[in-house]
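# Structure at a glance
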Amino acid sequence: NAGVTQTPKFRILKIGQSMTLQCAQDMNHNYMYWYRQDPGMGLKLIYYSVGAGITDKGEVPNGYNVSRSTTEDFPLRLELAAPSQTSVYFCASSYAEYSNQPQHFGDGTRLSIL
Amino acid sequence: RKEVEQDPGPFNVPEGATVAFNCTYSNSASQSFFWYRQDCRKEPKLLMSVYSSGNEDGRFTAQLNRASQYISLLIRDSKLSDSATYLCVVNKDSGYSTLTFGKGTMLLVSP
């Protein structure tokens, strides 16, 4: 049971570098989400998608981009890494036309920008 | 009032104790409520949904008070393995909407 798979698990970037965080789910969920969690803080929604070809901004989208070309994949791109983007990033998915369906999380990507 | 507010704790309890957490939310239109559990440096995992009539899952009981806009989680007979951070989660609005996660309440169960 793969569920939600995130790669890489850890990454160190230099300021100004770019990278893509990968997220894939095999549960045929139509909704997918990207969150960041800073130490001692709650999860903040970066972007979400309600289906292939559709994405929307969350609470903290600046500095990030996403795409959703397939149901399974929802990559998150950082174009110009900044120290403020040091965080743990979680991808999640849900089968939800209604938000009473729970979200299933990947095990996170720990990103440090130096 | 913050969208979702929780006492960060930590709550330090001995094994076998009963412990309760509360969470308040600001949007009276919210319809969906959850408790998630997050272990240190791990991903959040759904513990239980919270239903209007209250619901129980083994040692865990969740209650919803719409009038006062709070939800609660009661853990009976605490185990060492219950040590974690418990996240209160609420949807932003009625119908489909994104979820708002509280910062969590840390529980430490000691022998």
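In what follows, the accompanying structure is described. (Residues numbered from 1 in each chain as written. Chains lettered and ligands numbered in written order. Predicted model: local features only at pLDDT ≥ 70, side-chain atom pairs only at ≥ 80, totals over all residues. Heavy atoms only, no water.)

### Let's talk about the interface of chain A and chain B
Taken together, the contacts link 23 residues of chain A with 19 residues of chain B. Summed over the shared surface of chain A and chain B, the number is zero salt bridges. Taken together, the links from chain A to chain B amount to three residue pairs in polar contact (both at pLDDT 80 or more). Of all the secondary structure elements, the ones that give two or more residues to the side of chain A that touches chain B are strand S4 (31–37) and strand S5 (43–51) of chain A. When residues in the side of chain A that touches chain B are grouped by element, the largest group, four residues, is from S4(A). Of the residues that constitute the side of chain A that touches chain B, the class distribution is 12 nonpolar, eight polar and three charged. (Contact = heavy atoms within 4.5 Å. Salt bridge = Lys/Arg side-chain N within 4 Å of Asp/Glu carboxyl O. Polar contact = N/O pair within 3.5 Å; in protein donor to acceptor, adjacent residues only side chain to side chain. Helix = DSSP H or I, 4+ residues; strand = E, 2+ residues; numbered from the N terminus. Nonpolar A, V, L, I, M, F, W, Y, C, P; charged D, E, K, R; others polar.)

### Things to note about the nonpolar core
Counting residues in hydrophobic clusters, the biggest one holds 23 residues, and the most contacted among them are B:Phe21, B:Trp35, B:Ile71, B:Leu73, B:Ile75, B:Tyr86 and B:Leu107. Those elements that provide at least two residues to this core are strand S3 (19–25), strand S4 (33–38), strand S7 (60–65), strand S8 (70–75), strand S9 (84–91) and strand S11 (105–110) of chain B. When near neighbours in sequence (up to four residues on either side) are disregarded, B:Phe21 contacts B:Phe11, B:Trp35, B:Ile71, B:Ser72, B:Leu73, B:Ile75, B:Tyr86, B:Thr105 and B:Leu107. A:Met19, A:Cys23, A:Tyr89 and A:Leu111 belong to the second-largest nonpolar core, a separate cluster that totals 19 residues. (Core = buried A, V, L, I, M, F, W, Y, C linked by side-chain atoms within 4.5 Å. Buried < 20%, exposed > 50% of the residue type's maximum accessible area, 1.4 Å probe, protein only.)

### Quick word on the side chain of B:Asn55
Residue and element names in this part refer to chain B. Relative to the assigned elements, Asn55 resides in strand S6 (residues 55–57). On the basis of relative accessibility, which here comes to 15%, the residue Asn55 falls in the buried class. Within polar-contact distance, the side chain of Asn55 engages the backbone oxygen of Ser49 at 2.7 Å. In contact with Asn55, not counting residues within four places along its chain, are Met48, Ser49, Val50, Phe60, Thr61 and Ala62.

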